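Okay, here's what each chain looks like letter by letter:
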Amino acid sequence: MSLIYQETVQMSEIENKLFTFFGEILFRTDPTPFLHTTYYEKEMGSGLLRYFLLFKPLRARERLPSVKLITNEIEANTSERGKRTINIDPGYITLEQVILATTKGFTHRIYLSKGIFADLTLIYTNGTFGSLPWTYPDYGGSEMISMLNSWREEYKADLRDGFLHGNSSHAK
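What comes next is a walk through the structure. As the structure is a prediction and not an experimental result, all values here were calculated from the model. (Residues numbered from 1 in each chain as written. Predicted model: local features only at pLDDT ≥ 70, side-chain atom pairs only at ≥ 80, totals over all residues. Heavy atoms only, no water.)

1. Focus on the pattern of salt bridges
Proximity of charged atoms lets side chains of opposite charge pair with each other. Heads up, the rule is: Basic side-chain nitrogens of Lys or Arg form a salt bridge, by our definition, when they fall within 4 Å of a carboxyl oxygen of Asp or Glu. Secondary structure follows DSSP: runs of H or I at least 4 residues long count as helices, runs of E at least 2 residues long count as strands, and numbering of each begins at the N terminus. Each residue is assigned to one of three classes by its accessible area relative to the maximum for its type, calculated with a 1.4 Å probe on protein chains only: buried under 20%, partly exposed between the two thresholds, exposed over 50%.
All told, the structure shown has ten salt bridges when counted by the stated rule. A salt bridge links Arg 28 to Glu 15, with the nearest nitrogen and oxygen atoms 2.4 Å apart. Of the two residues, Arg 28 is situated in strand E2 (residues 24-28) and Glu 15 in helix H1 (residues 11-22); the sequence distance between them amounts to 13 residues. Residue class for Arg 28 comes out partly exposed when judged on its relative accessible area of 43%. When its relative accessible area of 12% is taken as the criterion, Glu 15 is described as buried.

This is the structure in structure tokens:
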């Protein structure tokens, strides 16, 4: 999950809610200034921060619409005066791709259900994740690619363990 937020938001409370719904937080990046776009500033103000969370246990891919609806509810419940104070974007990693959930349709987004679309954000080719013409610039950056490649390796190890224990039909 990508979390974009105002510094005043109590992120420990948000993370506790996310933990309740999605399980253990396996990895958390450090918060950094979110400077990639001004898209969220009109609603959330300037000086936004962002970090990423990786959860365990593995989840079935088909749960993505439900996951996005839960994160949308958390966003709504933490809004102030009708404006979000946090943006939570869930997604998943497979061996072949990175998929993000969105409520906005577009030519490259596939409708899943319940008003949620799957955004094919990155594909894995030649030993690394790579951008597509529509990939958000921050997701195509070298630091992000490096992080997602390492998370892919974590996922790969989880799949091997799942095969050993008969539980291999999940994705992150």
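There's plenty left to go through after this.
2. Quick look at the layout of surface pockets
Leftover empty space is mapped by rolling, across the atoms, a probe with the size of a water molecule. Put simply, the rule is: Two kinds of site are reported from a 1 Å grid over the protein atoms alone, namely cavities, where a 1.4 Å probe fits but cannot get out, and pockets, open sets with protein on both sides within 12 Å along at least five of seven lines, and residues are called lining when an atom falls within 4 Å of a point. Grid points are joined across faces, edges and corners, and a volume is the space filled by probe spheres set on the points. Each residue gets one label: Ala, Val, Leu, Ile, Met, Phe, Trp, Tyr, Cys and Pro are nonpolar, Asp, Glu, Lys and Arg are charged, and the others, such as Gly, are polar.
Approximately 510 Å³ is the volume found for the largest pocket. For the largest pocket, the lining is made up of 25 residues, of which Tyr 39, Tyr 40, Asp 89, Lys 104 and Tyr 136 are closest to its centre. Secondary-structure elements contributing two or more residues to the lining of the largest pocket are strand E1 (2-5), helix H3 (64-77), strand E5 (86-89) and strand E7 (97-102). Roughly 380 Å³ of internal volume is contained in the second largest pocket. Around the second largest pocket, the lining is made up of 16 residues, and of these Thr 32, His 36, Phe 52, Glu 143 and Met 144 lie nearest the centre. At the level of secondary structure, the elements contributing two or more residues to the lining of the second largest pocket comprise strand E3 (32-33), strand E4 (49-56) and helix H4 (142-165). Ranked by the residues each element gives to the lining of the second largest pocket, the list is headed by H4, at four residues. Tallied by class, residues from the lining of the second largest pocket come to seven nonpolar, five polar and four charged.

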